[in-house]
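# Geometric and topological summary
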Amino acid sequence: MTKIGFIGMGLMGSRMTSRLLQAGFDVWVWNRSVDKCQALVEQGAKLAANLADIGRECDIILLCLADTDAVESVVFGENGLANYLSSQQLIVDFSSITPDATRLFAQRLRAQDIYWLDCPVSGGVMGAEKGTLILMAGGEGQQIERFKPIAQHLGQKLTHMGDVGTGQITKICNQMIVASNAVLIAETVALAAKAGVDARQLAPALAGGFADSLPLQILAPRMATDSFEPVQWKVQTLLKDLDNAVALAKENTSSTPISALASQLLRLHAATGASLEDLSSVVRLFKKTDL
């Protein structure tokens, strides 16, 4: 049986790992904070003492880390994963990082005969728990096929977008829509409440119409009732992705005024101490009377 290594037990990684354990995979786990692995070890995961264990024991290694710097540190840092890899291993990166860094990382490992797929996901914590994520992957087609038996337990759809880096570009496009939509939903929820409408009725009232979306159905009820727990999307995560979007747009001389405005508003919200809060909390910006 293929041995899987999973690095990064955050909101998404922990739930994706749980799905793989339930499917019967042999999974090794590693996280900087070891305590985040405990629940998964109780479910049957093997705890890696260090990255060397992951590199030596696992055929396919999955990453779900915070940002570009975190991926580079884990893979290429002192005592990093790259020191312990061997020919024909496959790394699948679920993290949302910059396309340029992705291409560079893949190139460095290809020199060691190691394969890299950038495969960010969409669907949030709920999608990770239910195995209904959308996966968008960049890399060699043969490696996509190699990954499919794992992917089918994590998501409802895996799309091969092209060469290495295209998965990350697709995720940036996804996040531009999600973040901009979230800010607009917050604006409308606040307006409805101030104008005398029961904002709790917005999501059910608009369900099935042209304004409907998964973010509307998830975020609007939380925004209407100021219910921001548990955290499903961190404000700082969306900010990071929007920064990547703006940078990508500049590289390609493409205008992104809506995404830039969403970034400014989320940054304003984060500056109030809300960077680790759920995305739905951005409604507080619009509920203020002095904005």
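A few points on the structure.

What counts, and at which threshold
Residues numbered from 1 in each chain as written. Predicted model: local features only at pLDDT ≥ 70, side-chain atom pairs only at ≥ 80, totals over all residues. Heavy atoms only, no water. Buried < 20%, exposed > 50% of the residue type's maximum accessible area, 1.4 Å probe, protein only. Helix = DSSP H or I, 4+ residues; strand = E, 2+ residues; numbered from the N terminus. Pairing = 2+ DSSP bridges. Right-handed = clockwise from strand over helix to strand, strands pointing away. Phe/Tyr/Trp six-rings, centres within 6.5 Å; stacked < 30°, edge-to-face > 60°. Lys NZ or Arg CZ within 6 Å of the ring centre and 35° of its normal. Expected span 1.5 Å × (residues − 1). Axes fitted to C-alpha atoms, helices over the stretch in contact; angles between N-to-C directions. Left-handed = near helix turned anticlockwise from the far one by under 90°. Contact = heavy atoms within 4.5 Å. Nonpolar A, V, L, I, M, F, W, Y, C, P; charged D, E, K, R; others polar. Salt bridge = Lys/Arg side-chain N within 4 Å of Asp/Glu carboxyl O. Parallel < 35°, antiparallel > 145°, perpendicular 65-115°, else oblique.

## A look at the pairing of strand β5 (residues 90-93)
If a strand is regular, its side chains alternate between the two faces of the sheet. Residues of β5 alternate between two faces, with Leu 90 and Val 92 on one and Ile 91 and Asp 93 on the opposite face, all of them buried. Where strand β4 (residues 60-63) and β5 come together, four bridges link them in parallel fashion. For Ile 60, the partnering residue across the bridge sits in β5 and is Leu 90. In this fold, the crossover linking β4 to β5 by way of helix α4 (residues 68-76) has right-handed handedness. For the crossover from β5 across helix α5 (residues 99-110) to strand β6 (residues 115-118), the handedness is right-handed.

## Examining the packing of aromatic side chains
Tallied over the full model, the rule gives four aromatic pairs. For the pair Phe 6 and Phe 94, a centre-to-centre distance of 6.0 Å together with 35° between the ring planes defines the contact as tilted. Here Phe 94 lies in the loop between β5 and α5 and Phe 6 lies in strand β1 (residues 3-7), a separation of 88 residues in the sequence. For Phe 94, a relative accessible area of 3% gives the class buried. Considering the side-chain rings of Phe 94 and Phe 147, the 6.1 Å spacing of their centres and the 50° angle between planes classify their relative orientation as tilted. Placement of the pair is Phe 94 in the loop between β5 and α5 and Phe 147 in helix α7 (residues 141-151), with a sequence separation of 53 residues. Counting every residue linked through ring pairs, the aromatic cluster contains Phe 6, Phe 94 and Phe 147. Over the ring of Phe 76 we find Arg 108; its NZ or CZ atom is 3.8 Å from the centre of that ring.

## Remarks on helix α8 (residues 166-194)
Compared with the 42 Å implied by 1.5 Å per residue over 29 residues, the 43 Å span of α8 between its first and last C-alpha is a close match. Trailing α8 by a residue or two, Gly 196 shows a phi angle of about 100°, which is positive.

## Structural notes on the packing of α8 against helix α11 (residues 235-251)
Relative orientation of the contacting elements α8 and α11 amounts to 120°, with a least axis distance of 9 Å. Where α8 crosses over α11, the two elements pack in a sense that is left-handed. In this structure, α8 contributes Ile 169, Ile 172, Gln 175, Met 176, Val 178 and Ala 179 to the contact, and α11 contributes Leu 238, Asp 241, Leu 242, Asn 244, Ala 245 and Leu 248. Grouping the constituent residues of the contact of α8 with α11 by class yields nine nonpolar, two polar and one charged.

## Concerning the environment of Gly 80
In this structure, Gly 80 sits in the loop between α4 and β5. Considering only alpha carbons, one finds Gly 80 and Leu 51, 29 residues apart in sequence, at a separation of 6.5 Å. Leaving out residues up to four positions away in the same chain, Gly 80 has contacts with Leu 51, Val 74 and Val 75.

## Some points on unusual backbone geometry
Cis geometry is found at the peptide bond from Glu 229 to Pro 230, where omega equals -5°. Relative to the assigned elements, Pro 230 resides in the loop between α10 (214-225) and α11. One non-glycine residue, Asn 79, lies in positive phi territory at about 60°. Looking at the secondary structure, you find Asn 79 in the loop between α4 and β5. Despite not being glycine, Asp 226 has its phi angle at roughly 55°, a positive value. In this fold, Asp 226 is placed in the loop between α10 and α11.

## Thoughts on the pairing of strand β9 (residues 155-162)
Summarising the sheet, strand β8 (residues 133-138) and β9 pair through six bridges and their orientation is parallel. Pairing of Leu 133 across the sheet is with Gly 155, part of β9. Regarding topology, α7 serves as the crossover connection from β8 to the parallel β9, and that connection is right-handed.

## Remarks on the pattern of salt bridges
For side chains of opposite charge, pairing can occur when their charged atoms come near one another. Under the counting rule described, the total for this entry stands at 13 salt bridges. Where Lys 46 meets Asp 26, a salt bridge forms, and the shortest distance between an N and an O atom there is 2.7 Å. A residue pair is termed long-range when its members are at least 10 positions apart, and Lys 46 in strand β3 (residues 46-47) and Asp 26 in strand β2 (residues 26-30) qualify at 20 residues. Two residues, Arg 103 and Asp 100, come together in a salt bridge whose shortest N-O distance is 3.0 Å. Of this pair, Arg 103 and Asp 100 are both found in helix α5, three residues apart, which corresponds to roughly one turn of the helix. Judged by relative accessible area, Asp 100 falls into the partly exposed class, the value being 41%. If you follow the salt bridges from partner to partner, you end up with Arg 110, Asp 113 and Glu 140 in one network.

## A few points about the packing of α5 against α8
Look at α5 against α8: their axes get within 8 Å of each other, and the N-to-C directions meet at 160°. Taken together, the axes of α5 and α8 lie roughly antiparallel to each other. Regarding α5 and α8, the two cross each other, and that crossing is right-handed. On the side of α5, the interface is formed by Pro 99, Thr 102 and Arg 103, while α8 contributes Gln 168, Ile 169 and Ile 172. Each residue belonging to the contact of α5 with α8 can be placed in one class, and the counts come to three nonpolar, two polar and one charged.

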